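Residue strings, one per chain:
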Amino acid sequence: MVLPKDVPVMTLSNATLFPQAMLPLKIFEPRYRKMLKDALESDRVFAVAMQKPGLVREIPSGVAGVGLIRAAVTHKDGTSHVVLQGIARVELMKIVHYKPYRRQEIQPLETVGSDSVVIDALTAKVLDLVVERFEQGVEFPVHFFNQVNETPPQKKAILPKDLSVQQVVKFLSRLENPDQLADLVSCTLLSGALQRQTILETTNLEARLKYLIHFLIAEIDRGGENSVQA
């Protein structure tokens, strides 16, 4: 899909939109109602950016996820529920206008350094940590796994509702693109918004996987502590 030169930007405190991820949103602010209406009448695209932490004034982080509206339901009270599918990580550039909603020029960010023995080793470590996290009782969103399956629709293997550790790892290990694997694991297993934002902003895949490993270990340690306390 060819991205537009500029897009509307929704700024949220703790949401991260990764490429191919499905992000459900409730649209209720008047400015975002207008933004949604305009998007549905044009290219159905807008960006989700995380609010820079520690600031009262609304200022989005410099790197955001651009998504395509896959579904939108508007209610009688004017609010809407939307499902947004990520299509690219982008850098937010020049501001086109602030009102009635923020709109900015974007620069797509491509992943670099995705082919090396080091990447293979880091990917294997991520899969090992996924197993550990899964064994702590984390539930995986089956619908998302089915969405990112890149095989033709008539050949897609629809995953069962109750996934075993082996099924999850088998699915993830079949992903030929380690870039996609890193994003998938990050959006499903990282609970911290700042962690997810760090992954989103890191275009070098080796560095991204190293961050992910560090964050997953922290998640596993916290999960183990919670289990002991329970």
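Here, the structure is the one placed above.
A quick note: this is a predicted structure, and the numbers were derived from the prediction, not measured.

(A) Structural context of the pattern of salt bridges. If you walk through the whole model with that rule in mind, you get 12 salt bridges. In this structure, lysine 34 engages aspartate 38 in a salt bridge whose closest nitrogen and oxygen atoms are separated by 3.3 Å. Of this pair, lysine 34 and aspartate 38 both sit in helix H1 (residues 30-40), four residues apart, roughly one helical turn. Look at lysine 34 and you get partly exposed, because its relative accessible area is 37%.

(B) Region of interest: the packing of helix H2 (residues 117-135) against helix H5 (residues 178-189). Look at H2 against H5: their axes get within 11 Å of each other, and the N-to-C directions meet at 25°. Taken together, H2 and H5 sit at an angle that is classed as roughly parallel. Considering how the two elements wind past one another, H2 and H5 form a crossing that is left-handed. Between H2, through Ile119, Thr123, Val126, Leu127, Val130 and Arg133, and H5, the contact on the second element is made entirely by Pro178, Leu181, Val185 and Leu189.

(C) A look at the environment of arginine 44. Note that arginine 44 resides in the loop between H1 and strand E3 (45-50). Its relative accessible area of 30% is what places arginine 44 among the partly exposed residues. Sequence separation of arginine 44 and leucine 84 is 40 residues, and the distance between their C-alpha atoms is 9.4 Å. Residues within four places of arginine 44 in sequence aside, it is in contact with Ala39, Gly67, Leu68, Ile69, Arg70 and Ala71.

About the cut-offs
Residues numbered from 1 in each chain as written. Predicted model: local features only at pLDDT ≥ 70, side-chain atom pairs only at ≥ 80, totals over all residues. Heavy atoms only, no water. Salt bridge = Lys/Arg side-chain N within 4 Å of Asp/Glu carboxyl O. Helix = DSSP H or I, 4+ residues; strand = E, 2+ residues; numbered from the N terminus. Buried < 20%, exposed > 50% of the residue type's maximum accessible area, 1.4 Å probe, protein only. Axes fitted to C-alpha atoms, helices over the stretch in contact; angles between N-to-C directions. Parallel < 35°, antiparallel > 145°, perpendicular 65-115°, else oblique. Left-handed = near helix turned anticlockwise from the far one by under 90°. Contact = heavy atoms within 4.5 Å.

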